[in-house]
Amino acid sequence: MNEMTVLLTSEYNDRGELWSRVIEGEETFLVRKSPITVIEETLLHLGSNFLGARRSAKYLLTPTRMHPISVNPQMGILLFPTKNMKCHCNIWFSLIHVKTTNPVGINQIEVLTSFGHTILIDMSLRAFNNKRQKAVQLQEAITNNLNCPLNFYVEPKKGFYISKSPKENNYSFEKK
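Not measured: the values here are computed from a predicted model. (Residues numbered from 1 in each chain as written. Predicted model: local features only at pLDDT ≥ 70, side-chain atom pairs only at ≥ 80, totals over all residues. Heavy atoms only, no water.)

(A) Structural context of the sheet that holds strand 6 (residues 91-94). Strand order across the open sheet formed by six strands is 3-2-1-6-5-4, with antiparallel pairing between neighbours. Lying at the two open borders of the sheet, with one neighbouring strand each, are strand 3 (27-31) and strand 4 (69-72). The sheet shows a mean angle of 25° between the axes of neighbouring strands, taken without regard to direction. Looking at chain direction, strand 2 (residues 18-24) and strand 3 are connected through five bridges and run antiparallel. The residue of strand 3 that forms the bridge with Ser20 is Val31. In the packing of helix 3 (residues 125-147) onto the sheet, contacts are made with strand 4, strand 5 (77-81) and strand 6, and the angle to strand 5 comes to roughly 150°. (Pairing = 2+ DSSP bridges. Helix = DSSP H or I, 4+ residues; strand = E, 2+ residues; numbered from the N terminus. Axes fitted to C-alpha atoms, helices over the stretch in contact; angles between N-to-C directions. Contact = heavy atoms within 4.5 Å.)

Here's what the structure looks like:
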């Protein structure tokens, strides 16, 4: 996944194997992995993991279900699911590529994205906008935290002399 990734969703091949349909820029292609695996491997390449990204979202947001996932905060790549992540009809949208939404019918909307894509999904406009808003909140919290690093000030003191004798299990601390 990269900054051109618009969305990914599940798709079954002729043999019933779960793959991922990816829309990247103006192209679409299949990947022989589930969407969760694609996200997980992307996170691993960036020094994180899916569980950690979910825990971070839970920590930064109010209690909610189906958390958005920050894939690469420096590049603004943040995904949010439309349904439960284990549901075969779930779509992971990239927040930066969702432009507008239009209601089409009862519990059905069109999502207009970058590169001129239109995706018709079975979901209420309110539910979609709530998920999108959670993703915006997560992005804002991460951006704020990246811009405000934690500083620790330690007053200089004489310190400790720390040693361990070969016969002991613990270290001993002595003031200098």
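That was the structure; now back to the text.
(B) Representation of the side chain of His67. Tracing the sequence through the fold places His67 in the loop between helix 2 (50-60) and strand 4. Look at His67 and you get buried, because its relative accessible area is 6%. In this view, His67 contacts Ala57, Lys58, Leu61, Thr62, Pro81 and Trp92; residues no more than four positions away in its chain are not counted. (Buried < 20%, exposed > 50% of the residue type's maximum accessible area, 1.4 Å probe, protein only.)

(C) View of the nonpolar core. In this structure, Leu7, Phe80, Phe93, Val111, Ile121 and Phe128 are the most contacted members of the largest nonpolar core, which totals 20 residues. Of all elements in the fold, only strand 1 (5-12), strand 5, strand 6, strand 8 (108-113), strand 9 (118-121) and helix 3 reach the threshold of two or more residues within this core. Take this core: its biggest share by element is four residues, from helix 3. Setting aside residues no more than four positions away along its own chain, Val111 makes contact with Phe93, Val98, Thr100, Thr101, His117, Thr118, Ile119, Ile121 and Phe128. Grouped together as the second largest cluster of nonpolar side chains are 13 residues, Leu8, Val38, Ile69 and Trp92 included. (Core = buried A, V, L, I, M, F, W, Y, C linked by side-chain atoms within 4.5 Å.)

(D) Spotlight on the sheet that holds strand 8. Pairing in this open sheet of three strands is antiparallel, and the strands run 7-8-9 from one edge to the other. Only two strands of the sheet have a single partner each, and these edge strands are strand 7 (98-105) and strand 9. The average undirected angle you get between the axes of adjacent strands in this sheet is 20°. When strand 7 meets strand 8, the two strands line up antiparallel, connected through six bridges. Pairing of Thr100 across the sheet is with Leu112, part of strand 8.

(E) Region of the structure containing the pairing of strand 9. Because side chains alternate across strand 9, one face comprises the buried residues Ile119 and Ile121, and the other comprises Thr118 and Leu120, none of which is buried. Bridge analysis of strand 8 against strand 9 gives four bridges, and the strand direction is antiparallel. Across the sheet, the residue bridging to Leu112 is Thr118, located in strand 9.

(F) How the structure looks around helix 3. Over its 23 residues, helix 3 runs 33 Å from end to end, which matches the ideal 33 Å to within 8%, given 1.5 Å per residue. Within the span of helix 3, buried status applies to Phe128, Lys131, Lys134, Ala135, Leu138, Ala141 and Ile142. (Expected span 1.5 Å × (residues − 1).)

(G) Up close: the packing of aromatic side chains. Using the criterion set out here, one finds four aromatic pairs in the structure. Ring geometry for Phe50 versus Trp92: centroids 6.3 Å apart, planes at 80°, classification edge-to-face. Placement of Phe50 in helix 2 and of Trp92 in strand 6 is noted, with a sequence separation of 42 residues between them. Ring geometry for Phe93 versus Phe128: centroids 5.5 Å apart, planes at 90°, classification edge-to-face. Pair noted here: Phe93 is in strand 6 and Phe128 is in helix 3, with a separation of 35 residues, a long-range link. Here Phe93 and Phe128 have matching classes, each one buried. (Phe/Tyr/Trp six-rings, centres within 6.5 Å; stacked < 30°, edge-to-face > 60°.)

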